[in-house]
Amino acid sequence: MRVLGIETSCDETGVAVYDTALPGSAGLRAHAVYSQIALHAEYGGVVPELASRDHVRKLLPLIRQTLAEADLKLEDLDGVAYTAGPGLVGALLVGAGVARSLAWALEVPAVGVHHMEGHLLAPLMEDDPPAAPFVALLVSGGHTQLVAVDEIGSYRLLGETLDDAAGEAFDKTAKVMGLPYPGGPQLAALAETGRPGVYKFSRPMTDRPGLDFSFSGLKTQVMLAWRNSDQSDATRADIARGFEDAVVDTLAIKCHRALDAAGSNTLVVAGGVGANKRLRAKLHDIAGKRGGRASFPRPALCTDNGAMIAFAGALRLQAGQSETAAVKVTPRWDMATLPVVGGHQDQPLP
Ligand code: KG4
Ligand code: ZN
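Reading the values: rules and limits
- The numbering scheme is per chain: residues are counted from 1 as the chain's sequence reads.
- In the order they appear in the text, chains get letters beginning with A and ligands get numbers beginning with 1.
- In keeping with the model being predicted, local features are shown solely for residues with a pLDDT of at least 70 and side-chain atom pairs are shown and tallied solely at 80 or more, while totals for entire chains, interfaces and linings include all residues.
- The basis for every side-chain value is the complete set of heavy atoms in the structure, and neither hydrogens nor water enter the calculation.
- UniProt positions are given in the numbering used here, feature names are shortened, and annotations may be inferred rather than shown by experiment.
- The rule for pairing is simple: two strands pair if DSSP sees at least two bridges between them.
- Secondary structure is summarised from DSSP: a helix means a run of H or I of at least four residues, a strand means a run of E of at least two, and numbering begins at the N terminus for each.
- In this description, a line fitted to the C-alpha atoms serves as the axis of each element, helices being fitted only across the stretch in contact, and the angle between N-to-C directions of two axes falls anywhere from 0 to 180 degrees.
- Here, two residues are considered to be in contact whenever any of their heavy atoms come within 4.5 Å of each other.
- Between Lys or Arg on one side and Asp or Glu on the other, a salt bridge is scored when a side-chain nitrogen of the former is within 4 Å of a carboxyl oxygen of the latter.
- With a 1.4 Å probe rolled over the protein chains alone, any residue whose accessible area is under 20% of its type maximum counts as buried; one over 50% counts as exposed, and the rest are partly exposed.
- Coordination here is defined by N, O and S atoms within 2.8 Å of the metal (3.2 Å for Na, K and Ca), and since water is not considered, a site can look incomplete.
- Site shape is set this way: if four donors have all angles between 85 and 135 degrees, tetrahedral; if opposite donors are over 155 degrees apart and all others between 65 and 115, square planar for four donors and octahedral for six; otherwise irregular.
- Here a polar contact means two N or O atoms within 3.5 Å. Within protein one must be a hydrogen donor candidate and the other an acceptor candidate, and residues neighboring in sequence count only if both atoms are side-chain atoms.
- Among buried residues, the Ala, Val, Leu, Ile, Met, Phe, Trp, Tyr and Cys ones that are joined through side-chain atoms within 4.5 Å form a nonpolar core.
- Where each domain starts and ends comes from a domain assignment, either automatic or drawn from a database.
- A helix is expected to span 1.5 Å for every residue after the first.
- If the strands point away from the viewer and the path from the first strand over the helix to the second runs clockwise, then the crossover is right-handed.
- We call a residue near a molecule or strand whenever a single non-hydrogen atom of that residue lies within 4 Å of it.
- Shrake-Rupley sampling with a 1.4 Å probe provides the accessible areas, and residues are treated as covered by the protein chains on show and by no other component.
- The classification used treats Ala, Val, Leu, Ile, Met, Phe, Trp, Tyr, Cys and Pro as nonpolar, Asp, Glu, Lys and Arg as charged, and all other residues, Gly among them, as polar.

As named in an unreviewed UniProt entry, the protein chain is tRNA N6-adenosine threonylcarbamoyltransferase, taken from Pseudoxanthomonas gei. We quote the UniProt Catalytic activity (unreviewed entry) comment for the protein chain here in full: "L-threonylcarbamoyladenylate + adenosine(37) in tRNA = N(6)-L-threonylcarbamoyladenosine(37) in tRNA + AMP + H(+)". Its UniProt record gives the protein chain the following Subcellular location (unreviewed entry) comment, quoted word for word: "Cytoplasm".

Asks: Just give me the short version of the sheet that holds strand S10 (residues 293-295), but keep the residues and values in it.
Replies: What the five strands build is an open sheet, ordered S8-S7-S6-S9-S10; its pairing is mixed. The sheet terminates laterally at strand S8 (154-160) and S10, the two strands that pair on one side only. Strand-to-strand twist in this sheet, taken as the mean axis angle between neighbours without regard to direction, amounts to 25°. Pairing of strand S6 (residues 134-139) with strand S7 (residues 144-151), which is carried by six bridges, proceeds in the antiparallel orientation. Residue pairing in the sheet places Phe134 in a bridge with Val149 of S7. Sheet strands touched by helix H8 (residues 233-262): S6, S7, S8 and strand S9 (266-270). Its angle to S6, the strand with the most contacts, is close to 150°.

Asks: Quick one: what's the story with the pattern of salt bridges, residue by residue and with numbers?
Replies: According to the stated counting rule, one finds 24 salt bridges in the structure shown. The partner of Asp233 in a salt bridge is Arg236, and the shortest N-O contact between them spans 3.1 Å. Of the two residues, Asp233 and Arg236 are both situated in helix H8; the distance of three residues between them amounts to about one turn of the helix. The class of Asp233 is exposed, set by a relative accessible area of 59%. The class for Arg236 is buried, based on a relative accessible area of 18%.

Asks: Explain the coordination of the zinc ion (ligand 2) to me, and be specific about the residues and the numbers.
Replies: As a benchmark, a tetrahedral metal site with four donors has ideal angles of 109.5 degrees, while an octahedral site with six donors has ideal angles of 90 or 180 degrees. Protein coordination at the zinc ion (ligand 2) comes from His115 (NE2), His119 (NE2) and Asp304 (OD), with a distance range of 2.0 to 2.1 Å. One can describe the site at the zinc ion (ligand 2) as irregular: its four donor atoms subtend angles covering 92 to 145° at the metal. Taken in chain order, the donor set of the zinc ion (ligand 2) reads H-x3-H-x184-D. With His119 in helix H4 (residues 115-121) and Asp304 in the loop between S10 and helix H10 (307-318), the pair connects residues that are 185 residues apart, well separated along the chain. Accessibility assignment for this pair places His119 and Asp304 in one class, buried.

Asks: If you had to explain the side chain of Thr161 to someone new, which residues and values would you point to?
Replies: Mapped onto the secondary structure, Thr161 falls in the loop between S8 and helix H5 (166-176). There is a polar contact of 3.2 Å between the side chain of Thr161 and the backbone nitrogen of Asp163. From its side chain, Thr161 meets the backbone oxygen of Asp164 in a polar contact 2.6 Å long. If sequence neighbours within four positions are ignored, Thr161 has contacts with Thr144, Phe213, Ser214 and Phe215.

Asks: Go over the nonpolar core with me, naming the residues and quoting the values.
Replies: Counting residues in hydrophobic clusters, the biggest one holds 60 residues, and the most contacted among them are Leu4, Leu120 and Tyr155. Here this core takes eight residues from H10, the largest share from any one element. Counting contributing residues per domain, this core is built from domain 1 (2-122 + 301-337) and domain 2 (132-296), each supplying no fewer than three. Look past the residues within four positions of Leu120 in its chain and what remains in contact with it is Phe134, Ala136, Leu138, Val147, Val149, Tyr155, Val268, Ala270 and Met335. Membership of the second largest hydrophobic core comes to 40 residues, among which are Val135, Phe201, Ile239 and Leu251.

Asks: Hey, could you go over helix H9 (residues 277-289) for me, with residue numbers and the actual values?
Replies: Here H9 contains 13 residues, and its C-alpha end-to-end distance of 18 Å stays within 8% of the 18 Å for a straight helix at 1.5 Å per residue. The secondary structure elements touched by the buried residues of H9 are S6, H8, S9 and S10. Two or three places before Arg278, at the opening of H9, Asn276 has a side-chain oxygen 3.1 Å from that residue's backbone nitrogen. Directly after H9, the chain includes Gly291, whose backbone phi takes a positive value near 85°.

Asks: Hey, could you go over the pairing of strand S4 (residues 79-85) for me, with residue numbers and the actual values?
Replies: Across the seven residues that make up S4, a large majority, seven, are buried. Pairing of strand S1 (residues 2-7) with S4 involves four bridges; the strand directions are parallel. What sits directly across from Ile6, in S4, is Tyr82. Inspection of the sheet shows S4 paired to strand S5 (residues 110-114) by five bridges, in the parallel sense. Counted as the bridge partner of Gly85 is His114 from S5. Between the parallel elements S4 and S5, the chain passes through helix H3 (residues 89-106) in a crossover that is right-handed.

Asks: Could you give me a rundown of the site of ligand 1, with the residues and numbers involved?
Replies: Inspection of the region around ligand 1 gives 20 residues, with Gly141, Asp171, Gly272, Asn276 and Asp304 positioned closest. Between an oxygen atom of ligand 1 and a side-chain N or O atom of Asp171, the distance comes to 2.5 Å. Take Asp304: an N or O atom from its main chain is 2.9 Å from an oxygen atom of ligand 1. For ligand 1, whose free accessible area comes to 550 Å², the fraction covered by protein is 86%. At the level of secondary structure, the elements contributing two or more residues to the shell around ligand 1 comprise H4, H5 and helix H6 (184-191). With four residues, H5 is the largest single contributor of residues to the shell around ligand 1. Residue classes in the shell around ligand 1 are distributed as six nonpolar, 11 polar and three charged. A domain-level breakdown of the shell around ligand 1 finds at least three residues from each of domain 1 (2-122 + 301-337) and domain 2 (132-296).

This is how it looks when you write it as structure tokens:
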């Protein structure tokens, strides 16, 4: 089954084709992402209306480009998957409108995918994928969640952030130190040259039991440290390293606890912060020491992309799940309400 995936939930237009007939990573026939970062940079954050308009401009050319790269024609598609939520309503509607219209014209089924389920399943697109049950750490710009995955489609929230998401904390901390939006990846690059231990920040909420997170206090600690420093490039790098170590340690401690709680040694990590090198190394280490393993998507598939939507959609379409032609999105959507893939459909898809 060849499925076109469309992602437009925020500031990246992503398109991909996933072919379930091909094994592992070969199934990803082509994928392309157009990032709107430059468009929003001067505002210091995503402007929803500008995001929607840019998806309108970029989506159709990106679909043509992706099909050409996959050496496929529209008529070769067997299904269409699109992000139906959570996300910005206008941006979601662009993807949903195009996906539904295309599916209707081609007379193929279409399915609305949960963006976070897309992230969560992305590591399963790689070769030698982990099998459920496992624990997933979802770390993006909007979410930080630990999820027990009993089977594909059956998600139990174990813990989540009470304030800022991990990616948001990276972005806000970078902004405090004068790095341009979105600063997360730049802060991580800067941390590479910083010295460990020069600045020591707290590991929030690790001194008490539980699997929730809180990252907003860290940004304040960094702000105070930065203001009271000589504000040199070397100091910026040392603070970046101290901040990154604090976030990575905190995530690692909670992952360890979550694996204990779920009785598992298999960890799956996804979302933009999953591209962070130090986080990847630390979580590989923890899972390895437990006799298990940690799985990540390749860095390009950690951040928003159409491949994860094509893949998650393909699993649901293969299981016979699709919806009527209505263009409907769900900007706020609890992943725990999703139906099990291949299971009985006692809960409707959106
Ligand atoms: O998953 P994603 O692309 O978008 C959302 O759904 O939110 O995640 C984007 C987030 C941003 O906050 C970005 O700063 C962060 O992921 N990010 C990183 C790295 N690459 C992206 N944070 C830390 N280290 C990185 N290497
Ligand atoms: Zn995302």
